[in-house]
Structures are given as structure tokens and as C-alpha cells.
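# Chain and residue survey
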Amino acid sequence: MLSHLCAAIPVLYILWITMAQVTGQEDREKTTALKDLLSRIDLDELMKKDEPPFTFPKTLEEFEYAFNEYGQLRHTNTGEPFVFNAREDLHRWNQKRYEALGEIITQYVYELLEKKCNMTKAILPENYGVMVLNPNENYLEVEKPAKSSPLSSPVELSDEPAEKRERKDDKESKKKREFYEKYRNPQKETETERIPIRENGSSEEHVLYVWDHFVSKAAAKNVFIMAHSYGGLSFVELMIQREMQVKNRVCAVALTDSAHNIWLQETSKGTQDWMQQHCCNWVSSPEPLDTPLDPMLPDCPRVSAGTERHELTSWMSFNSIFRFFSEVLEAKEDEEAEETANTVTTRSSSLKNKHQDL
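The rules behind each value
- Residues numbered from 1 in each chain as written.
- Predicted model: local features only at pLDDT ≥ 70, side-chain atom pairs only at ≥ 80, totals over all residues.
- Heavy atoms only, no water.
- Helix = DSSP H or I, 4+ residues; strand = E, 2+ residues; numbered from the N terminus.
- Buried < 20%, exposed > 50% of the residue type's maximum accessible area, 1.4 Å probe, protein only.
- Contact = heavy atoms within 4.5 Å.
- Areas by Shrake-Rupley, 256 points an atom, 1.4 Å probe, with all protein chains shown as cover.
- Patch = residues over 30% accessible without salt bridge, like charges linked within 9 Å, V, L, I, M, F, W, Y side chains within 5 Å.
- Salt bridge = Lys/Arg side-chain N within 4 Å of Asp/Glu carboxyl O.
- pLDDT = per-residue confidence, 0-100.
- Axes fitted to C-alpha atoms, helices over the stretch in contact; angles between N-to-C directions.
- Parallel < 35°, antiparallel > 145°, perpendicular 65-115°, else oblique.
- Left-handed = near helix turned anticlockwise from the far one by under 90°.
- Nonpolar A, V, L, I, M, F, W, Y, C, P; charged D, E, K, R; others polar.
- 1 Å grid on protein atoms, 1.4 Å probe; cavity = no way out; pocket = protein on both sides within 12 Å on 5 of 7 lines; lining within 4 Å.
- Points joined across faces, edges and corners; volume = space filled by probe spheres on them.

Now for the overall build of the protein chain. When its secondary structure is counted, the protein chain shows 11 helices and 9 strands. Counting all 358 residues of the protein chain, 24% fall into the buried class. Long-range contacts, defined here as pairs at least 24 residues apart, represent 67% of the contacts in the protein chain between residues at least 6 apart. Of the roughly 25,500 Å² of accessible surface on the protein chain, 55% is carried by carbon and sulfur atoms.

In C-alpha cells:
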């Protein structure tokens, strides 16, 4: 009996090893099949299925937001400022909601300009008393057509060496991580295509285009320019391209936290001298409004805008800027009146001398 039992043990042991090998082989096959299936799944598209639809309100009231008496955007129920993360872990949805609200606010600002400032909204018209440029809008953004991803071939057992399969698996894992990162950071996604606007593909091109087609042809006798941040750089580029035209038409230029640089932009000595006489830059500073500051470069005077916040420099220096414009205009009119008086006096004296000669 014992001999029979001893003989059976090796048989059972061999059977156990064989079953273990078969089970291991099945597991490997299942793992390979699962990896192949995952490789055919677009995780980006899969994750989108868990998102709410991108349908948002069409008005500020429906969004439950409004601007208070101080011009601050506040929630109508809670009184809190705008919150980007309205839904946790739905970054793409939050981004789209933010963009939808931004479009509504843009239209709201246009309405304010029309109703409160008596401005007329039109596409680059003539006959403007005030012309507001939008040098940041340099392209049209259109959605790319959806791409169809062909399915891979049915699952087949590979004869590739294990090391090569592992390298391929690593690449597939990296691709999946990239898809997930793209989902977590929607600003990185490229689902839209940007089409540059003809002859307006950059801020500098836009300013030059408006000058050539509208400002230079306008009937306005006195032209004043106000430029914020990168707008200052675009203005300097305009001077480089149209130096004599600008000098003949523009009375004064108010810059607010301008991003220009006369050295990097390679301005001429004539441009630098003109800017010194006709420009002033209100910059972010803790000093009181209009406090003279040391010039960083020998281009134009710098004074404090009365705020350290870059985005508020134009608003804080608004009254000072128009006082600057008024003073320049008064000085120009006084100079023209004096020149006219001198011309009349000289002509009268000349006529009197001729009469005496006769």
C-alpha cells in the first residue's frame, strides 16, 4: 500500500506542475489579450463619456452671475467671485464652462461700450471719434473634423521575444499616460485649428493694418494713441515701419506698463527723440499716481500708475492720461495760434513797407 502511495506522489507532483504551467500560460494569454484590447481603446474618448454635456447658459442671468456697482463679477446667490472648479475632477468641462461665460462677458462689454459710451460696433469702420483696436484677435478658431481610429487586427498570440514585447508595452503605457495627462490638462488638447486672419496674424500686423487703412486716411486733425502692455511694443513697431507718418499725424502717446524695448526693437535715433518728447509711460509702482520715476531706457518719461497691478494701470491712470492729452492739445493750439499771428504780423508789415515805398 505504501509503495503504491509513494508511486502516486511523483505522478501527482508532475500533474500539479503541468496544471500550473497551463494556468500560467492561460494567464499570459489573457494578459496579452487584455493589453491588445486596451491598446485599441482611446482613453481620451473613453473619459469624455463620463463628462456632462457641454451645454451652458446663454446669458449672465442664466449663469447666475452679475456685475456689482464696482464692476466686479459676483454670483447672484452667494455673492462669491467666479469659481473655475465648479465640478471637481472635470477639468475639461470646467474649462469649457469658463470659455462659455467668457463669450457672454465679451458681448456684455460690447453692449456697455455701445450704451454707456455711445460707441458704434462695426468691423473696422471709418468716421470714428474713438477707435478701439483689438490686436489680440489674430486668428479664427475652428473645430477639427473628428478622426476615425481604425481598430487593430484580432488578438493573435505573438511570437516576439518577451523583451521586445515588454518594450512595446512600455510605449503603450506611455501613450495611455499621455492621453490621461491630456484629459487632466485640457489646455493642452488640440481639438481646434487656428486660422490666421489675413494681414492681421499678429498684434503688430493688426496695428499696422489699422493705421494704413483707417487712421492714416481719417479726417481727424489730431490723433492721440493709448497703448497698454504689448500694445506699446506694437506702437513702437508701427513707428519703425511708418516713422514719418506717425510723426506728422500723432500728437501724443500714452503707454501703460508698456512692453516695448527700444534696443531690442532697433529703433532709430529719430524715433527715440520723438518718443522722449511725445510719449509718457504710466507703469505699475507702489508710488502715488503720476510720481516721476527713473527711466529704465532713454525712450520716454515714466510715471507711477498708482498701482502695482499690471492689469489696473490703464484704469488707475485714466484721468491723468486724458489730462496729458488735453495739455498737449492746448500747447499745440497755442503754438499754431502764435504762428498764425506771426504770419499775419509779418504780412501786414510787408504791405505797410510796400505802401510807404509807393
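Taken together, the side chains of Leu140, Val142 and Ile195 define a hydrophobic patch exposed on the protein surface, amounting to about 240 Å² of accessible area. You can see Val142 is positioned in strand S3 (residues 139–143).

Below, the discussion takes up the confidence of the model for the protein chain. Scored by pLDDT, the protein chain has a mean of 78; 67% of the residues are at 70 or more. Below a pLDDT of 50 lies the segment residues 1–7, which in the model reaches 0 contacts outside its immediate sequence neighbourhood of four places, other chains included. Across residues 151–157, where pLDDT falls below 50, the model places 7 contacts with residues more than four positions away in sequence or in other chains.

This brings us to the environment of Tyr108. By the element assignment, Tyr108 lies in helix H4 (residues 91–115). Judged by relative accessible area, Tyr108 falls into the partly exposed class, the value being 29%. Linking Tyr108 and Leu60, residues 48 residues apart in sequence, is a C-alpha distance of 8.7 Å. Leaving out residues up to four positions away in the same chain, Tyr108 has contacts with Leu60 and Phe67.

Between helix H6 (residues 203–215) and helix H7 (residues 230–241), the least distance of the axes is 9 Å, while the angle of their chain directions is 55°. Judged on the interaxial angle alone, H7 and H6 are oblique. H7 is crossed by H6, and the crossing has right-handed handedness. The residues of H7 that touch H6, namely those facing Ser203, Glu204, Val207, Leu208 and Trp211, are Tyr230, Leu233, Ser234, Glu237, Leu238 and Gln241. Here the contact of H6 with H7 is built from residues that sort into 6 nonpolar, 3 polar and 2 charged.

For the rest of this paragraph, the subject is the layout of surface pockets. Over the atoms rolls a probe the size of a water molecule, and in doing so it shows where empty space is left. Space inside the largest pocket adds up to approximately 2,400 Å³. Contributing to the lining of the largest pocket are 48 residues, with Val130, Met131, Val132, Leu133 and Met226 lying nearest its centre. Elements with a contribution of two residues or more to the lining of the largest pocket: H4, H6, strand S5 (223–228), H7, helix H10 (313–316) and helix H11 (318–357). Partitioned by chemical class, the residues of the lining of the largest pocket number 34 nonpolar, 11 polar and 3 charged.

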